[in-house]
Every structure is written in C-alpha cells, then in structure tokens.
Amino acid sequence: MGTFHQDRGELHGVTVVVEAADGELWVGRCDTCDGRGILLLDADLHKEGGEGGRSREEYLERAAAFGVWPRHPQVLIPPQRILSVRPLGSF
Amino acid sequence: MPYSPLMVRPMREELTSIGFQELQTPADVDAWLAQKSGSALLVINSVCGCAAGSARPGIREALGGEVRPDRCATVFAGQDLEATARARAAFADIPPSSPSIALFKDGELVYFVPRHRIEGRSPEQVAEDLRGAFERFCAVAAR
C-alpha cells in the first residue's frame with residue numbers, strides 16, 4: 001500500500017549514485033530517468049577535494065550507511081554527462 | 001502539500017493496528033523519547049509506495065517474532081510535520097529520509113535503517129534485517 005508512479009521509470013523513487021563528468025558524484029532520489037537525463041530530488045554533490053575534504057570513498061561509505069543531506073532540492077543531469085547510475089543501496 | 005488524511009489513514013493503521021503508538025505532536029515525541037529504559041522502535045512512516053510499501057509489512061513481520069522492542073511508535077513524514085522534525089532531532093547527525101527506522105536502547109540510538117536500505121527490497125528482507133537488530137539489541141528485555 002502506498003503511492004506509486006510506475007510511469008516514471010524503474011528507478012523512480014530509488015536513491016541513486018550518479019557518477020558524472022568532471023569528477024562529480026551526485027546522490028539523490030531519482031524522479032525520472034529518460035532522454036532528458038536523470039532528475040534527482042533531495043540530492044547532494046561530492047567533488048574530489050570538495051567540502052569537508054572527504055575522498056569519494058569516504059563520502060560513499062557515509063552515504064551508504066546513512067544517506068545524504070538534501071542540499072539540492074532537484075537537479076537534472078543531462079545524459080551526455082552521466083557516466084554511471086547505481087542504487088545507493090548496492091554500495 | 002500533504003496528502004489527504006483519508007488516503008493516509010490506512011498507512012497509519014498498518015502500524016497502529018499492530019501496537020504502534022502514533023506520535024502526532026512534538027509533545028507526543030518528547031514524552032515518548034523521555035522514557036529511556038529498555039528498547040524502543042521508532043518508524044518514520046511515509047506514503048511512498050516505492051519504499052514504505054515494503055517497510056510496513058516488513059516491520060509487521062519482524063515484530064511477529066519472539067524478540068521485539070519494548071515500545072514501538074511512529075511519526076508520519078509529510079503529514080505530522082512538527083512531530084517528524086522533533087523525532088528526527090533525536091538523530092540529528094543522520095540525514096532525513098522516509099520511510100526510515102530507528103532502534104533505541106536505553107535512550108541511545110543503536111540501529112538505523114535509512115530509506116535507501118529499504119528501496120527495492122522485499123518485506124521479507126526488511127524483516128530479516130530488523131529481526132537481526134532485535135536479536136542483538138532487544139534480546140535481554142525479552143527474557
């Protein structure tokens with residue numbers, strides 16, 4: 001029982017890790033994933049050497065354990081910038 | 001914008017019908033958290049079918065075992081906004097997500113399941129994880 005939006009793709013509602021160009025790592029809840037790219041809600045961004053000086057591995061370890069802070073209410077990552085998409089729960 | 005209370009009611013009742021105390025105000029949350037002794041399970045409930053649709057049946061299944069927390073309560077994210085914010089303040093270092101599940105032992109957070117650990121998993125898998133946590137942290141209270 002709950003609300004479902006099955007027309008929005010199989011990743012809808014799933015918290016994903018998007019490895020993007022320029023060393024960006026986005027973590028957020030996927031809303032839609034289509035030809036326009038992937039739309040993330042309540043997302044966070046990690047850049048190597050960025051805030052807190054955490055490495056990518058340290059950042060992902062923390063994210064996998066507890067999730068991420070919703071610093072970006074929504075972000076659309078265009079397909080040409082996406083290198084990989086994986087569920088955060090798989091880390 | 002919150003969903004209609006009528007639509008949400010069955011989702012609340014999935015937990016209240018199995019003994020969860022519903023915390024709808026900050027005062028409710030404060031009173032519940034003030035009881036420090038023993039083990040206590042707090043569920044941040046949600047309308048989201050992607051995750052809560054597995055969380056609630058999984059919780060129900062886990063609580064059907066011999067070892068279970070002494071007390072269970074729930075707040076409803078997106079509905080009881082102030083109560084949810086107060087509950088989340090009890091684990092302020094952890095990013096907010098819903099549904100999510102927090103287990104306390106003698107007032108300390110000892111186990112936490114964020115939303116992304118529920119997504120894509122079956123109720124049975126959620127229950128298995130919770131039973132493991134209950135065995136680890138609630139077993140003494142069950143003897």
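Residues numbered from 1 in each chain as written. Chains lettered and ligands numbered in written order. Predicted model: local features only at pLDDT ≥ 70, side-chain atom pairs only at ≥ 80, totals over all residues. Heavy atoms only, no water.

Student: I'm lost on the overall build of chain A in this one. Help?
Tutor: For chain A, the count of helices and strands is one helix and five strands. Along the chain direction, N to C, the helices and strands of chain A fall in the order β-β-β-α-β-β. The 91 residues of chain A split such that 38% are buried. A sequence separation of at least 24 residues applies to 56% of the contacts in chain A between residues at least 6 apart. Total accessible area computed for chain A in this model is approximately 5000 Å², and 51% of it derives from carbon and sulfur atoms. (Helix = DSSP H or I, 4+ residues; strand = E, 2+ residues; numbered from the N terminus. Buried < 20%, exposed > 50% of the residue type's maximum accessible area, 1.4 Å probe, protein only. Contact = heavy atoms within 4.5 Å. Areas by Shrake-Rupley, 256 points an atom, 1.4 Å probe, with all protein chains shown as cover.)

Student: Whenever I open this one, helix H4 (residues 81–88) of chain B confuses me. Can you help?
Tutor: An α-helical turn contains 3.6 residues, so a residue and the one three or four places further along point in the same direction. Residue and element names in this part refer to chain B. Among the residues making up H4, those that are buried are Ala-83, Thr-84 and Ala-87. For H4, the angular spread of the buried residues around the axis is 100 degrees, confining them to a single face. Exposed and oriented more than 90 degrees from the buried face of H4 are Leu-81 and Glu-82. Contacts made by the buried residues of H4 are with helix H2 (26–34), strand S2 (39–45) and strand S3 (71–76). (Arc of directions from axis to C-beta.)

Student: How do you make sense of the side chain of Thr-74 of chain B when you look at a structure like this?
Tutor: All names here are of chain B. Tracing the sequence through the fold places Thr-74 in strand S3. Take Thr-74: its relative accessible area is 2%, and that puts it in the buried class. A distance of 3.0 Å separates a polar atom in the side chain of Thr-74 from the backbone oxygen of Val-43. (Polar contact = N/O pair within 3.5 Å; in protein donor to acceptor, adjacent residues only side chain to side chain.)

Student: Honestly, the packing of helix H3 (residues 52–62) of chain B against helix H5 (residues 123–137) of chain B in this entry has me stumped. Any pointers?
Tutor: Two quantities define a packed helix pair, namely the angle between the axes and the distance from one axis to the other. Residues and elements named next belong to chain B. Where H3 meets H5, the closest approach of the two axes is 7 Å, and the angle between their N-to-C directions is 45 degrees. Considering their axes alone, H3 and H5 lie oblique with respect to each other. The two elements H3 and H5 cross, and the hand of that crossing is right-handed. Contact residues: Ser-54, Ala-55, Pro-57, Gly-58, Ile-59, Glu-61 and Ala-62 in H3; Pro-123, Glu-124, Val-126, Ala-127, Leu-130, Arg-131 and Phe-134 in H5. For the contact of H3 with H5, the residue count by class is nine nonpolar, two polar and three charged. (Axes fitted to C-alpha atoms, helices over the stretch in contact; angles between N-to-C directions. Parallel < 35°, antiparallel > 145°, perpendicular 65-115°, else oblique. Left-handed = near helix turned anticlockwise from the far one by under 90°. Nonpolar A, V, L, I, M, F, W, Y, C, P; charged D, E, K, R; others polar.)

Student: What's the story with the sheet that holds strand S2 (residues 24–34) of chain A in this structure? I'm lost.
Tutor: Strand pairing within a sheet occurs via backbone hydrogen bonds; the two strands may be parallel or antiparallel. Residues and elements named next belong to chain A. On the basis of which strands lie adjacent, the open sheet formed by five strands has the order S4-S3-S2-S1-S5 and antiparallel pairing. The sheet is open, and its two borders are formed by strand S4 (72–77) and strand S5 (82–87), each paired with just one other strand. Across the sheet, the axes of successive neighbouring strands diverge by a mean angle of 40 degrees, strand direction being ignored. Both S2 and strand S3 (residues 37–47) contribute to a ladder of nine bridges, which runs antiparallel. Paired with Thr-32 across the bridge in S3 is Leu-39. Taken strand by strand, helix H1 (residues 56–66) contacts strand S1 (15–20), S2 and S3, and its axis lies near 50 degrees from that of S2. (Pairing = 2+ DSSP bridges.)

Student: Would you take a moment to explain the packing of aromatic side chains for this structure?
Tutor: Working definition: an aromatic ring pair is given by the centre-to-centre distance plus the angle between the planes. Residue and element names in this part refer to chain B. Under the criterion given, the structure shown has two aromatic pairs over all chains. With 6.4 Å between their ring centres and 40 degrees between their planes, Phe-91 and Phe-104 make a pair best called tilted. Highlighted residues: Phe-91 in the loop between H4 and strand S4 (100–105) and Phe-104 in strand S4, separated in sequence by 13 residues. The same class applies to Phe-91 and to Phe-104, which are both buried. (Phe/Tyr/Trp six-rings, centres within 6.5 Å; stacked < 30°, edge-to-face > 60°.)

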